[in-house]
Amino acid sequence: MLSERLISLAVRETSKNYLKVNPTTDTHVPGPKPGQKYMLYMHVPFCQKLCPYCSFNRFPFSEKRAVPYFESLRKEMRMLAEMGYDFDSVYVGGGTPTIMIDELCATIDLARELFSVKEVSSETNPNHLIEPILEKLEGRVQRLSVGVQSFDDGLLKQMDRYEKYGCADEIVERIKLATPYFTSMNADMIFNFPAQTEDMLIHDIERIVESGCTQTTFYPLMASPAVERQLLKTVGEVDYDREKRFYEIIDDLLTGGDHPLFTHSSAWTYNRFDHKDDQDASGADSGMIDEYVVQYEEYPAIGSGGITYLNGRLYVNTFSLREYGQAIEEGRMSIMGRVDFNVHDRMRYRFLMQLFGLRLDKLQWERDFGMTVEYGLPAEMAFMKAAGAFATDTAEELTLTPKGRYLVVAMMRQFFIGVNNLRDQARAALPGEERELLFG
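Within any chain, residue numbers begin from 1 and follow the written order of that chain's sequence. Reporting in this predicted model follows two pLDDT cut-offs: at least 70 for local features of residues, and 80 or more for side-chain atom pairs to be given and counted; totals over whole chains, interfaces and linings ignore these cut-offs and use all residues. The side-chain values count all of the structure's non-hydrogen atoms but skip hydrogen atoms and water molecules.

### Considerations on the overall build of the protein chain
Right, on to step 1. A tally of helices and strands in the protein chain yields 18 helices and 17 strands.
Right, on to step 2. Only C-alpha atoms enter the radius of gyration, while the globule expectation follows 2.2 Å times N to the 0.38, with N the number of residues. Against the globule reference of 22 Å for 440 residues, the protein chain gives a C-alpha radius of gyration of 21 Å, in line with a compact fold.
Right, on to step 3. Seen through its C-alpha atoms, the protein chain measures out along the principal axes to roughly 55 × 55 × 45 Å.
Right, on to step 4. A burial count over the protein chain gives 58% of its 440 residues as buried.
Right, on to step 5. Note on contacts: a residue pair qualifies if any of its non-hydrogen atoms lie within 4.5 Å across the two residues. Long-range pairs, those at least 24 residues apart, make up 73% of the contacts in the protein chain between residues at least 6 apart in sequence.
Right, on to step 6. Carbon and sulfur atoms provide 49% of the accessible area of the protein chain, an area that totals close to 17500 Å².
Right, on to step 7. Neither His nor the chain termini are counted; the positive set is Lys and Arg, and the negative set is Asp and Glu. Every charge is mapped onto a representative atom, which is NZ of Lys, CZ of Arg, CG of Asp or CD of Glu. Counting 48 positive and 66 negative side-chain charges, the protein chain places the averaged centre of each group 4 Å from the other. Helix numbering and strand numbering both begin at the N terminus, where a helix is a DSSP run of H or I of at least 4 residues and a strand a DSSP run of E of at least 2. Only protein chains enter the calculation, and the probe is 1.4 Å; a residue is then buried if its accessible area is under 20% of its type maximum, exposed if over 50%, and partly exposed in between. Where accessible areas are quoted, they stem from the Shrake-Rupley method and a 1.4 Å probe; at the residue level, only the protein chains shown are allowed to cover.

### Comments concerning the pattern of salt bridges
Right, on to step 1. Each salt bridge in this description consists of a side-chain nitrogen of Lys or Arg and a carboxyl oxygen of Asp or Glu lying within 4 Å of one another. Tallied over the full model, the rule gives 28 salt bridges.
Right, on to step 2. Here Glu374 ties to Lys362 by a salt bridge, and the two come within 2.7 Å at their closest N and O atoms. With Glu374 in helix H15 (residues 373–376) and Lys362 in helix H14 (residues 362–369), this pair connects stretches of sequence that are 12 residues apart.
Right, on to step 3. Glu374 sits in the partly exposed class, given a relative accessible area of 28%.
Right, on to step 4. The partner of Arg427 in a salt bridge is Asp424, and the shortest N-O contact between them spans 2.9 Å. On the criterion of helical spacing, the pair formed by Arg427 and Asp424 is a turn pair, its members being three residues apart in helix H17 (residues 402–427).
Right, on to step 5. Among the charged side chains, a network of salt bridges with common partners joins Asp169, Glu173, Lys176, Arg207 and Glu210.

### What about the pairing of strand E13 (residues 313–317)?
The two faces of a sheet get side chains in turn, since along a regular strand they alternate between them.
Right, on to step 1. Taking burial as the measure, the five residues of E13 include four buried ones, the bulk of the element.
Right, on to step 2. Note: strand E12 (residues 307–310) against E13, four bridges, orientation antiparallel. By the bridge assignment for E13, Thr308 is matched with Tyr315.
Right, on to step 3. When DSSP finds two or more bridges between a pair of strands, those strands are recorded as paired. Sheet analysis places E13 next to strand E14 (residues 335–340), joined by five bridges and oriented antiparallel. In the strand pairing of E14, Leu314 is matched with Val339.

### What to know about the state of the cysteines
As used in these notes, a disulfide is a covalent bond between sulfur atoms, one from each of two cysteines.
Right, on to step 1. Cysteine sulfur pairs qualify as disulfides if the two atoms are within 2.5 Å. According to the stated counting rule, one finds zero disulfides in the structure shown.
Right, on to step 2. Of all cysteine sulfurs in the structure, the one in Cys47 sits closest to Cys105, which takes part in no disulfide; the separation is 18 Å.
Right, on to step 3. Taking relative accessible area as the criterion, Cys105 reaches 4% and is therefore assigned buried.

### What to know about the sheet that holds E12
Right, on to step 1. If you trace the three strands from one edge of the open sheet to the other, you get E12-E13-E14, paired in antiparallel fashion. Looking at which strands have only one partner, the edges of the open sheet turn out to be E12 and E14. Strand-to-strand twist of the sheet, defined as the mean angle between neighbouring strand axes without regard to direction, takes the value 20°. In this analysis, axes come from line fits to C-alpha atoms, helices being fitted only over the stretch in contact, and the angle between any two N-to-C directions falls in the range 0 to 180 degrees.

### Looking at helix H13 (residues 343–356)
Right, on to step 1. Helix length check: H13 (14 residues) gives 20 Å between terminal C-alpha atoms against 20 Å at 1.5 Å per residue, within 8%.
Right, on to step 2. Counting buried positions along H13 gives 10 out of 14 residues, so the element sits mostly inside the fold.
Right, on to step 3. Among the residues making up H13, those that are buried are Asp345, Met347, Tyr349, Arg350, Phe351, Leu352, Met353, Gln354, Leu355 and Phe356.
Right, on to step 4. Here a polar contact means two N or O atoms within 3.5 Å. Within protein one must be a hydrogen donor candidate and the other an acceptor candidate, and residues neighboring in sequence count only if both atoms are side-chain atoms. Sitting at the amino-terminal end of H13 is Asn342, which places a side-chain oxygen 3.0 Å from the backbone nitrogen of His344.
Right, on to step 5. Leu358 sits one or two positions beyond H13 and adopts a positive phi of about 85°. Given the number of residues in a helix, its expected span is that number minus one, multiplied by 1.5 Å.

### Quick word on the pairing of strand E17 (residues 397–400)
Right, on to step 1. Relative to E17, strand E15 (residues 359–361) runs antiparallel, the two sharing three bridges. In the strand pairing of E17, Leu360 is matched with Leu398.
Right, on to step 2. Relative to E17, strand E16 (residues 390–393) is paired through three bridges, and the arrangement is antiparallel. Within E17, the residue paired with Asp393 across the bridge is Leu398.
Right, on to step 3. Here E16 hands over to E17 after three residues, the two strands then running antiparallel side by side.

### Observations concerning the environment of Pro402
Right, on to step 1. For Pro402, the location among the structural elements is in helix H17.
Right, on to step 2. Along the primary structure Pro402 and Ala391 are separated by 11 residues, whereas in three dimensions their C-alpha atoms are 8.6 Å apart.

### Focus: the packing of H13 against H17
Right, on to step 1. Viewed as axis vectors pointing N to C, H13 and H17 meet at an angle of 125°, and their least axial separation amounts to 10 Å. Considering the angle they form, H13 stands oblique to H17. By crossing handedness, the relation of H13 to H17 is classed as left-handed. Of the residues in H17, those in contact with Tyr349, Phe351, Leu352, Met353, Leu355 and Phe356 of H13 are Val408, Met411, Met412 and Phe415. By definition in this entry, angles of less than 35 degrees are roughly parallel, angles greater than 145 are roughly antiparallel, angles of 65 to 115 are roughly perpendicular, and the rest are oblique. With the far helix as reference, a near helix turned anticlockwise by less than a right angle produces a left-handed crossing, and one turned clockwise produces a right-handed crossing.

This is how it looks when you write it as structure tokens:
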């Protein structure tokens, strides 16, 4: 697909230019703006075993490292409270946030004590979908997202997940067990593995329906240069020419026909139709989507490897656990670098994130940037119009056609590869002993 190749190339090149970490002497992120809504992201970088395709900051689990880390995370949360921040939403990513369930619960409880939290989202892995853990998360976490990746046992073995997390049948049963505990139960999937066939993908979608999960997210396989070599050794070379066809299969089976089972909540997140309008007692919407950057454009991020976006700047926390703990102990945040967006970069970021969320608000755009989106991004708008990407293009909004949704998926894939490159830059600064933990 020529339009996909062109847009992927454009996003890849622009990401290279502006997603570069520069050293900074900043010791804290900026304070909150009056009236601005923020989400809090917190990062838990521990896993029992490291997956070859993952570019996030993560380390092999050790209780000796994890317990003081959670203590530092809670101290950093108090720093934000002292700066005047308040949050109605918290997202806990990893790593595997549920790897020390009591520490995670204590951290969530403190967040609810310090801030006006209405909803908490957390990631986990299939082996943690057991009653003792689910009972502790119930009421604390409204949306749980479990990393499944595929229900094909062969692919799970290839990814080194079969021994860790169980076979596909076991994972389906665990999702069935977990779903009633949460307002939203999301199954994270990956498509376009080199060894994946169309039949395997269709089988994955059938298992999603069978599992009863209320939401699913299908990410295209993407990797930064740092993990590309390992990915090549374990699962093979990625063929991006198949990606559009695979996405169309997912879209058609989940949202097509006269009585679709799912509906879009973002370009690659799907909510089950019979669940999407439910709300729990706290008012948390079951349609909470996986990419928090859509609902909250600005967010502080705490923890080693966290990336904050505030006031048109990205603040990158150190990937070193030792340096992170030392910074928090000294009463400062662990910022190791910063990326400054110019106005054009900020407009591109808004354009991508709002379209990924399926609707760009033109009136908000003009209020925030003092110009129309057509004036601010003439090349991007001309390309998307020529490609047939817009279903609606009025004075108030832009919405997407099916073709437009896939183009946004391709753009997001390249953007996240760019963010992974950013992580690689931060990871390159790790002290020797911590590099040894990751790379041997």
